[in-house]
Structures are given as C-alpha cells and as structure tokens.
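Listed below, chain by chain, are the residues.
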Amino acid sequence: MGLVAVAAIVAGCGSQADTAKQAATAKANAALKLKQARAAKVAAAAKVKANELGQIPVLMFHRIIPNPGTNDDRTPQQFRADLERLVKDGYVPITASELVTGKIGIPAGKHPVVLTFDDSSPSQLTLTGTGEPAPDTAVAILREVAAKNPGFRPVATFYVTRDMFGKSVPEEQAQMLLWLKNNGFDIGNHTRDHHDLRTRSEKEVSEQIGSIAKQIDDLSKIKPDSIALPYGNQPRKKRLAAEGKNYHHAGVFLAGYTPAPSPFSKAFDPLGIPRIKAMEKKGDCAQFCSIAWLDWLKANPDMRYTSDGDLSTVAYPKFKNPYLRPAFAKWNLQY
C-alpha cells in the first residue's frame, strides 16, 4: 500500500514537471513568434522606407467654378489636375478627423494627403434630382478620379458655415450633411458666420463655434472632430477654438503655408495645424502653395510621411527617434 502511494506521488511530481516544462516551452515559442513578427514588420517598414514622423500636406480649397473670382478658387480642370498629380505622386486621401486622431490607415509605401474645403459652397456639393453629385462639383470630380485610380480614396473634409451648400431649409441642409456622412466624407466646423475670431470676445467666439456645432449635430448627429479657423486667425485664447459649449475639437486648422507635422511627431500642435493653399507657383505661391510644396516633398522624400501600412505601429528610421511624441512610445517601430 505504501509503495503504491509513493508511486502515485512520484507520478504526480513528474506530471507537474511536464506541465511546467510545457508551459515554459509554450511561453518561449510565443515570445519567439512575437520577435519574428516584429522583425518581419521592421523589414517590411524598411523596404518601403516608411516614415510616419514625416510631414503631411493638408490642402485648402474653396470654390470649384469655371470662372474663378479669386486665387482661392479652382476651375474643375485645375481641380482634376490637382488630384491627378496626387495620384501620380503616390498620395492617398485621408480625412482631417483621421489625421488628428492618428488613424491613418493607408497602404504601405503611400503618403497621406488631406483635402479640405472651406465655406460649404454649392460648387463643392450639389445633388441632382436622383440624389447624385452634380457634374463638375468637387465631390463628383473626386469620385470620378478615384473610380479611375483604385486605392485613391474619395474622401475629404468639408468645413461648414450656416450657408450649408447654398441650402437654408433644415431638411435640405440635413440631406446634404447626411449624404456626405453616408458616403465616407468628413464634416468640420468653420464657425456660423465666418467672422475673424481674433477680433471677437470669448463669448462671441464660443457662440460662433458652438452654435454651428449644435446645428450640425441636430441635423445629422455629427460632432465635428476639427475646426478650420476663418482666415486662419486664432482667437486670443487659443484653447477656445478647441473646447467650449457644444463642441470639442481634437484639431484646429489654420490657413498657413507649410505641410502639417505628423500627429505622432513632437512638432504636432493640435491647436495650430497648418494647411496649404491649392495654387500654382505664382507670386508668394512660388514657395508657399500646393504645387511648390508637393514638388519640395517629392524632392525631399525623407521629409514626407510614408506609411508602413500598419495602424498598430508608428514606423520610422532610427535616427528620427528623438522626434517621436512620448504618447506613442509603445507604438514605435524603428528600423
């Protein structure tokens, strides 16, 4: 009887040892797989020269009309050429919301670009009787170019004022906003009356931003993630552009002259994100507008945001590590 008990105890100890050994082996195998998976990601990022700390062009458009009245306007032909240039240079559109939240999900080796439209003009979106975008509007042209170039996403951000695409009836305004929402477009805040916020009191600033935010939400259940400041002018209290009654913006866009820093870079300031005016190399635009900056980014690829194709990582060359925002340290993928 004693021998049986001893045998059982010995067998039990052996079983426990085997179980522990199996657990250790499984843990080691899991660690090895993680190491191999990370090595594969590093190799893939290096292959496409990923740089997710690079700069992102945020292009600023206004009206798309046959006979431009100002340098802010583009003809349909110019807008098509703008988009075709982006296709040729390997850009993929993302929304302002995706930029400010860091959700930049584009293929490896591609570069993000943000298309923004101010003032909610009918030239940007007008719907026909069948509910389709009218020919030669910005949305129609963007969808046409995207259809001809698979992978070029037909998305953009529309910064809305109370003159919502030329509509004054709430039901018609709701139709426009919901069409954009249901077709993957982004809605942003552009203040109710397009006043220069730098010259307004804190109360007026909050009212201008909050009232249009509430109107957008009431009409479409959309809470804008971002705002584009009229004339690019910040209120005297910068934080008011981001936080107030009825609104919370993760990003505040200006009307400036440079590409935007990556949201993963220390240089990124959510209260002052620059945009680039869409225009040829003329006058000041010889250096500071879209064609000039796209040329510069093409000539300086190490300065441009290039995706590794993985939303769960921030990939970049090792020497750029000092530029990574600490909040994204766990995401880092250096090569």
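Positions within a chain are numbered from 1, following the residues in the order the chain's sequence is written. Restriction of local features to residues with pLDDT of at least 70 applies here, the model being predicted, together with a cutoff of 80 or more for giving and counting side-chain atom pairs; totals for whole chains, interfaces and linings are based on all residues. To get the side-chain values, take all heavy atoms of the structure and skip hydrogens and water.

## Some thoughts on the overall build of the protein chain
Here a strand is any run of E in DSSP of at least two residues, a helix any run of H or I of at least four, and the numbering for each starts at the N terminus. Each helix and strand counted, the protein chain has eight helices and 12 strands in total. Atoms counted for the radius of gyration: C-alpha only. Globule rule: 2.2 Å times the number of residues to the power 0.38. Over its C-alpha atoms the protein chain spans a radius of gyration of 26 Å, topping by over 25% the 20 Å that the globule rule assigns to 335 residues. The classification of residues rests on relative accessible area computed with a 1.4 Å probe and restricted to protein chains. Under 20% of the type maximum is buried, over 50% is exposed, and intermediate values are partly exposed. Residues counted as buried form 47% of the 335 residues belonging to the protein chain. Residues are treated as being in contact if the distance between any of their heavy atoms lies within 4.5 Å. In the protein chain, once contacts between residues fewer than 6 apart in sequence are set aside, the share between residues at least 24 apart is 67%. For the charge count, each Lys or Arg is scored as positive and each Asp or Glu as negative, with His and the chain ends excluded. For the purpose of locating charges, the reference atoms are NZ of Lys, CZ of Arg, CG of Asp and CD of Glu. Positive and negative charge centroids in the protein chain, built from 44 and 33 side chains respectively, lie 8 Å apart.

## Some details on the packing of aromatic side chains
Only Phe, Tyr and Trp rings take part, Trp by its six-membered ring, and two of them pair if their centres are within 6.5 Å. Stacked means planes under 30 degrees apart, edge-to-face means over 60, and tilted covers everything else. Throughout the structure, instances matching the rule amount to 13 aromatic pairs. Consider the rings of Phe-158 and Phe-165, whose centres lie 6.1 Å apart with planes at 65°: the pair is edge-to-face. In this structure Phe-158 comes out as buried when scored by relative accessible area, which is 1%. Take Phe-165: its relative accessible area is 2%, and that puts it in the buried class.

## Things to note about the nonpolar core
With 40 residues, the main nonpolar core has Leu-83, Leu-86, Leu-115, Phe-117, Phe-158, Phe-165 and Leu-180 as its most contacted residues. For this core, the elements supplying multiple residues, two or more each, are strand S1 (58–61), helix H2 (76–88), strand S3 (111–118), helix H4 (138–148), strand S4 (157–160), helix H5 (170–182), helix H6 (202–220) and helix H8 (290–299). Ranked by residue count, the leading element in this core is H4, at six residues. Ignoring anything within four residues of it in the chain, the contact list for Phe-117 reads Phe-61, His-62, Ile-64, Phe-79, Gln-124, Ala-138, Ala-156, Thr-157, Phe-158 and Tyr-159. Throughout, nonpolar core names a set of buried Ala, Val, Leu, Ile, Met, Phe, Trp, Tyr and Cys residues whose side chains join them through atoms within 4.5 Å.

## A short note on the pattern of salt bridges
By definition, a salt bridge exists where a carboxyl oxygen of Asp or Glu is found within 4 Å of a side-chain nitrogen of Lys or Arg. Tallied over the full model, the rule gives 21 salt bridges. A salt bridge links Lys-281 to Asp-295, with the shortest nitrogen-to-oxygen separation between them at 2.7 Å. Of the two residues, Lys-281 sits in the loop between strand S10 (276–277) and helix H7 (285–288) while Asp-295 sits in helix H8, which places them 14 residues apart along the sequence. Judged by its relative accessible area of 45%, Lys-281 falls in the partly exposed class. Taken together, the shared-partner salt bridges connect Arg-85, Asp-89, Lys-281, Asp-295 and Lys-298 into one network.

## A closer look at the pairing of S3
Within a regular beta strand, the side chains point alternately toward one face of the sheet and then the other, so they alternate between its two faces. With eight of eight residues buried, S3 is to be regarded as a mostly interior element. Side chains of S3 alternate between two faces, with His-111, Val-113, Leu-115 and Phe-117 and Pro-112, Val-114, Thr-116 and Asp-118 buried alike. Across four bridges, the pairing between S1 and S3 is parallel. Bridge assignment links Leu-59 to a residue of S3, and that residue is Leu-115. In this scheme, strands are said to pair when DSSP sees at least two bridges between them.

## Focus on the side chain of Thr-306
Mapping Thr-306 onto the fold places it in the loop between H8 and strand S11 (314–316). The class of Thr-306 is buried, set by a relative accessible area of 5%. Not counting residues up to four positions away in its chain, the partners in contact with Thr-306 are Val-48, Lys-49, Ala-50, Asn-51, Glu-52, Gly-109, Lys-110 and His-111.

## Some thoughts on the state of the cysteines
In plain terms, two cysteine sulfur atoms within 2.5 Å form what is called a disulfide here. As enumerated under the stated definition, the model contains one disulfide in all. A sulfur-sulfur separation of 2.0 Å characterises the disulfide bridge that pairs Cys-285 with Cys-289. Taking the sign of the torsion about the S-S bond as the criterion, the disulfide between Cys-285 and Cys-289, at about -45°, is left-handed. We note that Cys-285, like Cys-289, is buried.

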